[in-house]
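Structure at a glance
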Amino acid sequence: MLTLERTPFMSDVSPKVVSTNADTQLPVMSIEAGFQAARTAWQRLIDFSLIEWGRDPDRFTDEGVEAPDGQIIALAIAVAERYRDQGYAAPDSVVPDPNGGIVFERRENGSSEVIHVWDDGHVEYMRFEGTRLVARETLLV
């Protein structure tokens, strides 16, 4: 079973509310709708990126990238399912690293959060403010 020893890296889907009277005409998305949207985004990432990479590892041959093997893809899916089930916002991108790992990245307001599933099976969290690394931890999976 997958367990993480720290708070998940993805920012909470719950909106930060600032009370204003600037726009009272637009509909407000409920927190539940936000969780559902995040869940759907995670599931799309699992179904249309990670699973497809496992079905066709040769797609990376021309790019000079070592395809992630089945164990790394399974680990990345487990990580994605955990964040999906906890209701965290989905990453903006998921890409293979050149050595057979997988990188999830979420960017917001000049900062980015990265989960790197390395080719040796360890998982690492990094947070950047601009280009400066401000946090780095190994996640226990």
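Residues numbered from 1 in each chain as written. Predicted model: local features only at pLDDT ≥ 70, side-chain atom pairs only at ≥ 80, totals over all residues. Heavy atoms only, no water.

Helices and strands together make up the secondary structure of the protein, namely two helices and five strands. Tracing the protein from N to C terminus, the helices and strands come up as α-α-β-β-β-β-β. Put simply, the protein has 141 residues, and 37% of those count as buried. Taking the contacts inside the protein whose residues are at least 6 apart along the sequence as the reference set, 53% of them involve residues at least 24 apart. Of the roughly 8,600 Å² of accessible surface on the protein, a fraction of 50% belongs to carbon and sulfur atoms. (Helix = DSSP H or I, 4+ residues; strand = E, 2+ residues; numbered from the N terminus. Buried < 20%, exposed > 50% of the residue type's maximum accessible area, 1.4 Å probe, protein only. Contact = heavy atoms within 4.5 Å. Areas by Shrake-Rupley, 256 points an atom, 1.4 Å probe, with all protein chains shown as cover.)

Between its first and last C-alpha atoms helix H2 (residues 70-85) spans 22 Å; for 16 residues at 1.5 Å apiece the expected length is 22 Å, and the two agree. Taken together, the buried positions of H2 are Ile72, Ile73, Leu75, Ala76, Ile77, Val79, Ala80, Tyr83 and Arg84. Those residues of H2 that are buried are in contact with helix H1 (31-55), strand E2 (102-108), strand E3 (111-117), strand E4 (123-129) and strand E5 (132-139). The N-cap residue of H2 is Asp69: its side-chain oxygen and the backbone nitrogen of Gln71 are 3.0 Å apart. Positioned one or two residues after H2, Gly87 has a phi angle of 80 degrees, which is positive. (Expected span 1.5 Å × (residues − 1). Polar contact = N/O pair within 3.5 Å; in protein donor to acceptor, adjacent residues only side chain to side chain.)

What follows is about the packing of H1 against H2. Look at H1 against H2: their axes get within 9 Å of each other, and the N-to-C directions meet at 175 degrees. Between H1 and H2, the angle falls in the class roughly antiparallel. Contact residues: H1 offers Arg39, Trp42, Gln43, Leu45, Ile46, Leu50, Ile51, Trp53 and Gly54, while H2 offers Ile73, Ala76, Ile77, Ala80, Glu81, Tyr83, Arg84 and Asp85. The class makeup of the residues in the contact of H1 with H2 is eleven nonpolar, two polar and four charged. (Axes fitted to C-alpha atoms, helices over the stretch in contact; angles between N-to-C directions. Parallel < 35°, antiparallel > 145°, perpendicular 65-115°, else oblique. Nonpolar A, V, L, I, M, F, W, Y, C, P; charged D, E, K, R; others polar.)

What follows concerns the pattern of salt bridges. Here the structure, examined in full by the defined rule, presents eight salt bridges. With a shortest N-O distance of 2.8 Å, Glu124 and Arg136 are connected by a salt bridge. Of the two residues, Glu124 is situated in strand E4 and Arg136 in strand E5; the sequence distance between them amounts to twelve residues. Where Glu129 meets Arg127, a salt bridge forms, and the shortest distance between an N and an O atom there is 3.2 Å. (Salt bridge = Lys/Arg side-chain N within 4 Å of Asp/Glu carboxyl O.)

The next subject is the sheet that holds E4. Pairing within the open sheet is antiparallel, and its five strands lie in the order E1-E2-E3-E4-E5. The sheet is open, and its two edges are formed by strand E1 (93-96) and E5, each paired on a single side. Taken pair by pair, the neighbouring strands of this sheet meet at an average axis angle of 20 degrees, ignoring direction. Here seven bridges tie E3 to E4, and the two strands are oriented antiparallel to one another. (Pairing = 2+ DSSP bridges.)

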